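Structural overview
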Amino acid sequence: MPFSDIQLNDGRKIPSIAFGSGSVNKGKDIHAYIEQAIEAGFSHIDTAQRPSQLLLRAKHPLSLYVTPRHRNEESVGRAIRESGLEPSTLYITSKYGLPHETPRKALEDSLGKIGIKYLDLYLIHAPRGDYIGAWTAFEKIQEEGLAKFVPSDLFNFGIEELQTLLKHAKVIPAVNQIRFHPYNYTQLKPLLEYQASHGIVTEAYGSLAPITAYPGGPVDAPIKQAAERLGITPTQVIFLWVKAKGAVIVTTSSNKKHLEEYLSVGDLPPLTSEEIEEIDNAGAQGPPNTA
């Protein structure tokens, strides 16, 4: 069966796999890649505004994804138009990442660039600057009915920032999008447990790090063993592991076959509890030395 939606704490549902536009040819017109993802079957498209230099200099432990010049919103808009689909049939995420603009102005800019009337998900791109003030502005947008989505979502927030935010927030966040893979799972456990206690869903990007960034590490063996048992690829095993953790997968590729490989995970049987535990334990040993 295909990927199912995940229930959020505000009553909405979110598709459990998304195509991320930010890590493919940043700053270029990539509408063809996004349109290809839509044709392959992705209904959830994740994009972002151009992050400010403040965000680029931030050394937040979860901010490895924050990179210069996303500028993909126009590409998303063009891809939607050329797909012929109604925007309402898709689930569109963008991120507020320009502290020198108000959230309201940034939202209006994003909607204009994409060519849509509302976003399904709008994230604060990183816990820098006055993120409490930004959150208050998000809540005001909701109260005034100026958006059809509930602006209650985060990107790269650690447990301390999340705890600080919840002391001031009227609306509890629905999701937190973080870099999440077997090698940082143990480190992230306190954050994941805190999020779970508030019904906050994890969105996972960078999950293929054991293959793309840390090949030859301890998790290779249990991933290979599970892949052989199921007759699937190591990539698919990792995404099954992410699914088992209840997280939304945010991934990307310019290769249509890879996109189909990712989406086919929705039709695969789950990993066994023993396989998940073996991957967890191997990941806790840390990645191989890449120096």
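As the structure is a computational prediction, the values presented were derived from the model and not from experiment.

Criteria and cut-off values
Residue positions are counted from 1 within each chain, in the order its sequence is given. Owing to the predicted nature of the model, reporting of local features is limited to residues with pLDDT of at least 70; listing and counting of side-chain atom pairs is limited to 80 or more, with chain, interface and lining totals taken over all residues. Values reported for side chains reflect all heavy atoms of the structure, with hydrogen atoms and water molecules removed beforehand. UniProt positions are given in the numbering used here, feature names are shortened, and annotations may be inferred rather than shown by experiment. Helix and strand definitions here come from DSSP, where helices need a minimum of 4 consecutive H or I residues and strands a minimum of 2 consecutive E residues; each element is numbered from the N-terminal end. Here's how the labels work: a residue is buried when its accessible area is under 20% of the maximum for its type, exposed when over 50%, partly exposed in between, all with a 1.4 Å probe on protein chains only. By definition in these notes, contact holds between two residues if any of their heavy atoms fall within 4.5 Å.

Taken from the UniProt record, the annotation "binding site: substrate" (unreviewed entry) applies to His125. Tracing the backbone shows His125 in the loop between strand 6 (121-124) and helix 5 (131-143).

Let us look at helix 12 (residues 273-283). Here helix 12 has its buried residues at Glu275, Ile276, Ile279, Asp280, Ala282 and Gly283. Looking at the buried residues of helix 12, the elements they touch are helix 7 (185-197), helix 9 (220-230) and helix 10 (234-244).

A few words on the environment of Gly199. Position of Gly199 relative to the elements: it lies in the loop between helix 7 and strand 9 (201-205). When its relative accessible area of 33% is taken as the criterion, Gly199 is described as partly exposed. Once the C-alpha coordinates of Gly199 and Val175 are considered, the two residues, 24 residues apart in sequence, prove to be 8.6 Å apart. Here Gly199 is in contact with Asn9 and Ala174, once residues within four sequence places are set aside.

All right, on to the environment of Pro210 then. Here Pro210 shows up in helix 8 (residues 209-212). Pro210 sits in the buried class, given a relative accessible area of 2%. Taking the C-alpha atoms as reference, Pro210 lies 9.1 Å from Gly283; in sequence the two are 73 residues apart. Apart from the residues within four sequence positions on either side, Pro210 is in contact with His181, Pro182, Tyr183, Pro215, Val219, Asp220 and Ile238.

So, about helix 1 (residues 31-40). Within helix 1, the full set of buried residues consists of His31, Ile34, Glu35, Gln36, Ala37 and Ile38. Along its buried surface, helix 1 packs onto strand 3 (17-20), strand 4 (44-46), helix 3 (73-83) and helix 11 (256-263). Following helix 1 by one or two positions, Gly41 adopts a phi angle in the positive range, close to 130°.

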